[in-house]
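# Examination of the molecular architecture
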Amino acid sequence: MIPVAYIWVYKKMSERGNLIRTAVALEVLKRNYYRFPTTILYEILKDMEHYELIQKINNKKGYRILPIERRELAVLRDFL
C-alpha cells in the first residue's frame, strides 16, 4: 500500500509536468516536508521510485512522473 503522503506529493509533482528536474522535485518536497533534512528528502524520492510513482531518468536530468492506474489510487482520486 502506498503511503498517502507520497500520493499527495505525487499529485503536486504531476502538476509541474511529466518530466521534472531533481531541483524541482526537491522544491516540491521541501514545500510539503519543510522541516526534513535534505538527506531524508532523497530517501523519500527513492521510496517513491520503489512504489513506481516516479522514475529516475539519469543522475542529473531528473525524474519522469509515471502514470498510475492502481485500485488504491482510484479510491483516493476523488479526494485529491
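Being a predicted model, the structure only gives us computed values, none of them experimental. (Residues numbered from 1 in each chain as written. Predicted model: local features only at pLDDT ≥ 70, side-chain atom pairs only at ≥ 80, totals over all residues. Heavy atoms only, no water.)

### A closer look at the overall build of the chain
This is how the line gets drawn: To qualify as a helix, a DSSP run of H or I must reach at least 4 residues; to qualify as a strand, a run of E must reach at least 2; elements of each kind are numbered from the N terminus. For every residue, the accessible area obtained with a 1.4 Å probe (protein chains only) is divided by the maximum for its type, and the residue is called buried under 20%, exposed over 50%, and partly exposed between those limits. A contact between two residues is defined here by any heavy atoms of the two lying within 4.5 Å. Accessible surface is estimated by sampling points in the Shrake-Rupley manner with a 1.4 Å probe; for residues, cover comes only from the protein chains shown.
Each helix and strand counted, the chain has four helices and three strands in total. Each helix and strand of the chain, ordered N terminal to C terminal, gives the series α-β-α-α-β-β-α. The 80 residues of the chain split such that 30% are buried. Considering only intrachain contacts with a sequence separation of at least 6, the fraction spanning at least 24 residues in the chain is 50%. Surface summary for the chain: the accessible area is close to 5,700 Å², and the carbon and sulfur share equals 53%.

### Some thoughts on the packing of aromatic side chains
The geometry of two aromatic rings is summed up by the distance between their centres and the angle between their planes. Using the following cut-off: Put simply, two rings from Phe, Tyr or Trp (the six-membered ring, in Trp's case) pair if the centres are within 6.5 Å, and we call them stacked under 30 degrees between planes, edge-to-face over 60, tilted for the rest. Charge-over-ring placement is defined geometrically: NZ (Lys) or CZ (Arg) within 6 Å of the ring centre, and within 35 degrees of the ring normal.
For the structure shown, the criterion picks out two aromatic pairs. When the centroid spacing of 6.0 Å and the interplanar angle of 55 degrees are considered together, the rings of Tyr6 and Tyr51 count as tilted. Of this pair, Tyr6 sits in helix H1 (residues 4-14) while Tyr51 is found in the loop between helix H3 (38-50) and strand E2 (54-58), placing the two residues 45 residues apart along the sequence. For Tyr51, a relative accessible area of 24% gives the class partly exposed. Centre to centre, the rings of Tyr33 and Phe36 are 5.2 Å apart; their planes meet at 5 degrees, and the pair counts as stacked. Sitting above the plane of the Trp8 ring, Lys11 keeps its charged end 5.5 Å from the centroid.

### A short note on the nonpolar core
Let me state the cut-off plainly: Only buried residues count toward a nonpolar core, which is a set of Ala, Val, Leu, Ile, Met, Phe, Trp, Tyr and Cys residues joined through side-chain atoms within 4.5 Å.
Ranked by size, the top nonpolar core spans 21 residues in total, and within it Met13, Leu29, Leu45 and Met48 carry the most contacts. Within the residue set of this core, elements represented by two or more residues are H1, helix H2 (22-32), H3 and strand E3 (62-65). The element contributing the most residues to this core is H1, with five residues. With residues near it in sequence (within four places) discarded, Leu29 still touches Val9, Met13, Leu41, Ile44 and Leu45.

### Some thoughts on the environment of Lys12
Relative to the helices and strands, Lys12 is located in helix H1. With residues up to four places along the chain from it excluded, the contact list for Lys12 reads Val28 and Asn32.

### Describing the side chain of Thr22
Mapped onto the elements, Thr22 comes out in helix H2. Accessibility expressed as a relative area gives 15% for Thr22, which makes it buried. Sequence-distant contacts of Thr22, defined by excluding residues within four places in its chain, comprise Tyr42, Lys60, Lys61, Gly62 and Tyr63.

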